Amino acid sequence: MSNKSTVSNQVMWNRLISVVEEQAQALVRTAFSTSVREAGDLSAGVYDVKGRMLAQAVTGTPGHVNAMAESVGHFIRRIGSQNMFEGDVYITNDPWEGTGHLHDITVVTPSFHLGKHVGFFACTAHIVDIGGRGFGADANSVYEEGLYIPIMKFADRGEVDKTLVKIIRGNVREPDQLVGDVYALATCNQVGHRRLIDMMVEFKLVDLVDIAEFILENSRRATIERIAALPRQSASGSMTIDGYDTPIDLKVKVTIHADRIVCDFTGTSGLDKKGINVPLVYTKAYACYALKCAIAPEIPNNAASLAPFEVEAPVNSIVNAVHPAPVALRHVIGHFIPDTVYDALDKILPNTVPVEGAGCLCNFQVSLRPRTDAPAPKSAVRSEVLTFNSGGAGARPSSDGLNATAFPSGVMTMPIEATENAGPVIIWRKELRPDSGGAGKYRGGLGQFMEVGAVDGHEFDFQAMFDRVDHPARGRQGGAPGAATTIKRSDDEKMKGKGKQFVPHGRRVMLAFPGGAGFGSSKDRDPVLVKRDLARGYISAAVAVRDYGLKQTEVDAVLTAVRMGEAL
Amino acid sequence: MNLIAARLGVDIGGTFTDVVLELGDKQYSAKVLTTYAAPENAIIDGMHQVCAKAAIKTSAITQIIHGTTLATNALIERRGAKTALVTTQGFRDVIEMRTESRFEQYDLNLALPEPLLPRQCRYVLNERIGAKGDVLIALQRADIEALAEELRVAGYQSIAVGLIHSYANDAHEKLVREVLEKKLPGVMISLSSEVSPQMREYERFNTVVANAFIKPLMKSYLGRLAGQLKVEGADCPIFLMHSGGGIISIENAADFPVRLVESGPAGGAVFAANIAARYGLDKVLSFDMGGTTAKICLIKNQTPKTSRVFEVARTYRFKKGSGMPISIPVIDMVEIGAGGGSLASVDAMRQIRVGPHSAGSEPGPACYGRGGTKPAVTDADLVLGRLDADNFAGGSIKLDAAASRGALATHIGTTLQLDDQTAAFGVAEVVDENMANAARVHAVENGEDLSGYTMIAFGGAAPLHAGRLCEKLGVARCLVPPGAGVGSAIGFLRAPFSFEANRSVYMRLSDFDAKKITTLLSELESEAVRFVRSCDATAAILPEFKVYMRYSGQGWEIPVALTAEQAMKPEVQVFQSLFEADYEKLFGRVVSGMDVEITVWAVNATTPPQKVTRIAERQLESKMAMEARRQIFDPALAQQVDAGVVERSLLKTGQGLVGPAVITEDETTIIVPSSRQIVRQDDGCIDMTLKA
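Residues numbered from 1 in each chain as written. Chains lettered and ligands numbered in written order. Predicted model: local features only at pLDDT ≥ 70, side-chain atom pairs only at ≥ 80, totals over all residues.

Section: the overall build of chain A
At step 1: Secondary structure assignment for chain A yields 14 helices and 19 strands.
At step 2: Computed over its C-alpha atoms, the radius of gyration of chain A comes to 25 Å, within 12% of the 24 Å expected for a compact globule of 568 residues.
At step 3: Here chain A, with 568 residues, has 61% of them falling under the buried criterion.
At step 4: Partitioning the intrachain contacts of chain A with sequence separation of at least 6 by distance along the chain shows that 75% fall at a separation of at least 24. (Helix = DSSP H or I, 4+ residues; strand = E, 2+ residues; numbered from the N terminus. Rg over C-alpha atoms; globule rule 2.2 N^0.38 Å. Buried ≥ 20, exposed ≤ 12 C-beta atoms within 10 Å, placed from the backbone. Contact = placed C-beta atoms within 7 Å.)

What follows is the structure in structure tokens.
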């Protein structure tokens, strides 16, 4: 390869990463579902004709990483290259050939240049409703979870399949929104396609063969160099979490070979009766994400940089659920996979990875309606409100865990002012939860308190999707566990961590989301940080004394300084 | 009595303070090192320099327009007053919890930026306003009085008040101020419902906190400045450039200093907009490239694009989400870490990376010979023949080409097995590609296609890279104005008096309430006009009406401009069709059957733009004889070419030349690629177009 083409290949690789970013931004701006536009639950990428992913947008969430990378291969196999034409748009929400549940719609568009098929664009978005029982864990099989769209053409040579659109419209609760989102997905692929063709014209390319080789070869080499530098060992990790009715054991054996890393989930619990099972694509996505963060964080995602991370799991274990297992809330289990992998990896690469954190997002959906126990005011309405929230992240080997910040998920929370404008819900409290971060040399991130009620005249169903009620995050090297999730009603009525529960008029749900665990012994914590935490109220005076050994006189000095407005 | 207006534009930047005096149609400029401890000193120094050049007394100055990075820097460096936040019980940590997400997903050791105020400086009151502005929990005066005592003991100088849903009902915030003013005389108070009356508590609270944090500092600075200028004889009105591209009175600036953030770059955009007007250009991309960053802004119909929120003080490679959001009317630009001093390296994928780390002025690029060993963009430019080693910055710094080659070889060439020149080519291509990508994404976000655009390039490094950037973006024309080195300060002198008032109020088109709209927009109009009137007692003031609309259920609003008549006699069909037209333009199609809602209402009051004389555009009439020739590297051809070299000051109007060529001047160098030609226009602009 000549000197000069090295430079143009470098420029083109840069360009492709920018192209998929434009593609993702277009989706964020045109999507209707809150999960996409506010929370960023999406992904976008460009592929060669063989279905190998060349670049993936940075905007998006890790849950789609590997899943979407593999998905285009399924489209090629199902539709057949000979049946692909300019103007085509393909679609699916197959949990096993897409990204893990019916609520993720994947749209793939072939790119043609000068009459020749040169590649694909694909994107995925989490939509709020797909019919069935609604978003929750209550289904007994995937058939109850909503409409299933097998891999098929949404548009054939520019002609949208009107029958399919009618079927979609007839099966979901918010048809305008969903069809709007499908169009948004198609539009964003189109944006990517236009930019790709601009680039091909500029660099006088007729296909992507050479640039694909350049990207994949450099990525493969860089990733394998990183892996080769690791000790060739294997280690096991495990974690127990709440599950739906019975606790679930996640087990993994991580083995580092010369040129690949294998995660084997043998020993993990079997399928659950409820919809918290995980298709293997989603397990792969999060296992791979965890390894990439620890080993090769700056290498962009593509087919070659992902390939050396291999994931195996016994069929019909909870992390390799096959059809027709219910999978709607696969994220509740899936979000714990990185911490499980890290439990093993820490034994091979000590002082590299974080300790356990809150894990899954602390999401809930509120279904509001006019009160039924007494006459409701005329202004009372029905409304569905979904919110995304985070507990604390685990401490790192050289820094505290992040307070109320999602890990491993990449989604954002919504402003409560926006949530309260979306429906008659009132968020009475949303703030950090002191003393919830596990004590340690480095403290776990704090969880948060929330209090949720309804506008006067309404009652509601509360769909809980929480874990870590009975299994708080565990510390490492002497670090203490994070605080557990708690949930109850304002009248002290008990509530469960998962499932739909009724909340009568005038009552609120009182939530405390879990904290991350600590790293190292709390006795080794820098006293300056202990005093800072006390001044800020991250820890109470009692914890400062009990866990960190601060003397009462020191506590008094800190609290006085705070009162007097002195800087600490 | 001096009848000619003598106006002084002053821009305090990170390194230099630029002063421009405009006397009739003549301009005199000075660049003085910024004096951080007392920024007014550099202004005084620069003012005396330009007055001496123009041979006028300081007392002859009739008006001073000032813009500054001091507010931005105070936020970046966290140098502010002892400040407290008073907020709603249950929401003490809004500015700390941010969006609860990580802006960089693959960094396990990610550090989030600390909030401006630590938790112990955030106090709560038991009160609550609902989403519709209804009072859910009434605020008790006694609670505020008790809190005032706590705040007094702790000795705060400045207090921010941010209560939930205060944009919908500001009564509680006002009550807090009333009581605190009484109990804590001398303490400055900022209300979120005044500083930024917009929905989304994180942005609003952060904005009011930022305002309170820098208020004492800015108030004292502005007071000192006014006093000093008076002492030095310049007893004239002083106005401040704001981030939205207009000017406000020094009193308003002292009350809302957060509106001064990014006023320097805003001046640059106004500068470019003024040139756009001179040439009658409706689609302009301004490109400002300095030592550390490049800024790109879209200017349509001679008006810079504005936005309602932006991020300041990004802490992580200029990454979105790593700074703090400020929601104020602002000129919308992208800023990336790409400047002459940006450093290049090779990463694990053997890809060349440039920036965002910069060599700054110390040690500077390797070629400065001040101890820098890493290759910067300037080193690549030197090796590619774009800079003259003996004649850089008017000959004040002698560049060391061997040092550039050495740095490029060590950090790029050896690893990638590239010769020095190809390594330099790679670095230049990557930085140009980075800027082109930023411009493309920005255009897409605004539904624009850059191919019909004209670039206006200014800032020290821009003319070196503008030609290549045009090639990459498919932009056919580029103007390089004179005075490019002090563009922002000149821009201040072109800015109108303006103030934007806005408010979040939800309204669905299915609940369209014409009377409510008229009332709301009239209120906003009189508020905005009041601010402008305080600057100019007689000028005509034009209101510009804008609403932010979206389909119900979407999260992104798009701005929709209304005429005065559409605003004062609102009709639902008109709103609907204006929205659909804009939406289709942005995203390619409308979505039928969805309800549309309005979220934010805005009125910008502005004095009319300065009269601009359209210049008669010249074609290339005569070709300039080349004084010298040198080899430069043309990236589009990927080879060395033999280029003519001329001095800019020798080019006469209507004269020009055909690329490849190099045009030199003290402040910068203009590179004309092989694909372009240039002509000097009447106003001194170098007009670069595709070769005939």
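Let's talk about the overall build of chain B
At step 1: Of the regular secondary structure elements, chain B holds 17 helices and 36 strands.
At step 2: Over its C-alpha trace chain B gives a radius of gyration of 26 Å, about what one expects of a compact globule, namely 26 Å for 692 residues.
At step 3: For chain B, the proportion of its 692 residues judged to be buried stands at 56%.
At step 4: A separation threshold of at least 6 residues defines the contact pool for chain B, and within that pool the share at least 24 residues apart is 68%.

Focus on helix α14 (residues 487-494) of chain B
At step 1: In terms of burial, α14(B) is a largely internal element, eight of the eight residues being buried.
At step 2: Looking at α14(B), one finds that the buried residues are B:Gly487, B:Ser488, B:Ala489, B:Ile490, B:Gly491, B:Phe492, B:Leu493 and B:Arg494.

Regarding the nonpolar core
Here is a general trend for soluble globular proteins: nonpolar side chains tend to be buried in one another's company.
At step 1: Core analysis: the largest hydrophobic core is formed by 401 residues, its most contacted members being A:Leu27, A:Val107, A:Val341, B:Val209 and B:Val427.
At step 2: Once you skip the residues sitting within four places of it in the chain, A:Val341 turns out to touch A:Gly237, A:Val252, A:Val254, A:Cys263, A:Ala287, A:Ala290 and A:Leu291. (Core = buried A, V, L, I, M, F, W, Y, C linked by C-beta atoms within 7 Å.)

What to know about the interface of chain A and chain B
At step 1: The partner chain B presents 63 residues to the 67 residues of chain A that form the contact.
At step 2: At 16 residues, the largest contribution of residues to the side of chain A that touches chain B is made by helix α1 (residues 3-30) of chain A.
At step 3: Taken together, the residues of the side of chain A that touches chain B sort by class into 27 nonpolar, 22 polar and 18 charged. (Nonpolar A, V, L, I, M, F, W, Y, C, P; charged D, E, K, R; others polar.)

Considerations on the sheet that holds strand β1 (residues 6-12) of chain B
Residue and element names in this part refer to chain B.
At step 1: Pairing is mixed in the open sheet, where six strands are placed in the order β3-β2-β1-β4-β11-β12. The open sheet terminates on both sides in strands that have one partner only, identified here as β3 (26-33) and β12 (247-249). For this sheet the average axis-to-axis angle between neighbouring strands, irrespective of direction, equals 25°. (Pairing = 2+ DSSP bridges. Axes fitted to C-alpha atoms, helices over the stretch in contact; angles between N-to-C directions.)

Re the confidence of the model for chain B
At step 1: Residues with a pLDDT of 70 or more make up 98% of chain B, whose mean pLDDT is 91.
At step 2: In the predicted assembly, ipTM is 0.93 and pTM is 0.92. (pLDDT = per-residue confidence, 0-100.)

A look at unusual backbone geometry
At step 1: With an omega of 5°, the peptide bond running from A:Phe407 to A:Pro408 counts as cis.
At step 2: Note that A:Pro408 resides in the loop between β13 (383-387) and α11 (416-422).
At step 3: The residue after B:Gly659, namely B:Pro660, is reached through a cis peptide bond having omega 0°.
At step 4: One can find B:Pro660 in the loop between β32 (655-658) and β33 (661-664).
At step 5: With a phi close to 65°, B:Gln302 is a non-glycine residue in the positive phi region.
At step 6: For B:Gln302, the location among the structural elements is in the loop between β14 (294-300) and β15 (303-304).

Here we look at the packing of helix α4 (residues 162-171) of chain A against helix α5 (residues 175-202) of chain A
Residues and elements named next belong to chain A.
At step 1: Two numbers describe how α4 lies on α5: the axes approach to 8 Å, and their chain directions differ by 140°. Between α4 and α5, the crossing angle belongs to the class labelled oblique. In this structure, α4 crosses over α5, and the sense of that crossing is right-handed. Residues Val-165, Ile-168 and Arg-169 of α4 touch α5, and the partners they reach there are Pro-175, Leu-178 and Val-179.
At step 2: Partitioning the contact of α4 with α5 into residue classes produces five nonpolar, no polar and one charged. (Parallel < 35°, antiparallel > 145°, perpendicular 65-115°, else oblique. Left-handed = near helix turned anticlockwise from the far one by under 90°.)

Considering the packing of helix α11 (residues 401-416) of chain B against helix α12 (residues 420-445) of chain B
Residue and element names in this part refer to chain B.
At step 1: Direction vectors running N to C along α11 and α12 enclose 75°, while the axes themselves pass 9 Å from each other. Taken together, the axis directions place α11 and α12 in an arrangement best described as roughly perpendicular. Where α11 abuts α12, its residues Arg-405, Leu-408, Ala-409, Ile-412 and Gly-413 lie against Asp-420, Ala-423, Ala-424, Gly-426 and Val-427.
At step 2: Among the residues forming the contact of α11 with α12, the class breakdown is six nonpolar, two polar and two charged.

Focus on helix α10 (residues 337-348) of chain A
Residue and element names in this part refer to chain A.
At step 1: Taking 1.5 Å per residue, twelve residues should reach 16 Å; α10 reaches 17 Å between its end C-alpha atoms and fits that length.
At step 2: The buried count for α10 comes to ten of twelve residues, which makes it a mostly enclosed element.
At step 3: Listed as buried for α10 are Ile-337, Pro-338, Asp-339, Thr-340, Val-341, Tyr-342, Asp-343, Ala-344, Leu-345 and Asp-346.
At step 4: On the buried face of α10, the contacting elements are β8 (234-241), β9 (248-256), β10 (261-264), α7 (280-295) and α9 (330-334). (Expected span 1.5 Å × (residues − 1).)

A few points about the environment of B:Val529
Residues and elements named next belong to chain B.
At step 1: Mapped onto the secondary structure, Val-529 falls in helix α15 (residues 514-533).
At step 2: Val-529 gets classed as partly exposed once you count the C-beta atoms within 10 Å, which come to 18.
At step 3: Distance from Val-529 to Ala-501, taken between C-alpha atoms, is 9.1 Å for residues 28 residues apart in sequence.
At step 4: Sequence-distant contacts of Val-529, that is, excluding residues within four places in its chain, are made with Ile-541, Pro-543 and Ala-605.

A look at the sheet that holds strand β25 (residues 498-508) of chain B
All names here are of chain B.
At step 1: Reading across from one edge, β25-β28-β26-β27 is the order of the four strands in this open sheet, with antiparallel pairing throughout. Every other strand in the sheet has two partners, leaving β25 and β27 (558-562) as the edge strands with one partner each. Here the average twist between neighbouring strands, direction ignored, is 25°.
At step 2: Two strands pair when backbone bridges link them, and strand β26 (residues 542-551) and strand β28 (residues 596-606) are joined in this way by ten bridges, in the antiparallel orientation. If you follow Phe-545 over to β28, its bridge partner there is Val-603.
At step 3: In this fold α15 packs onto β25, β26 and β28, with an angle of close to 25° to the strand it touches most, β28.

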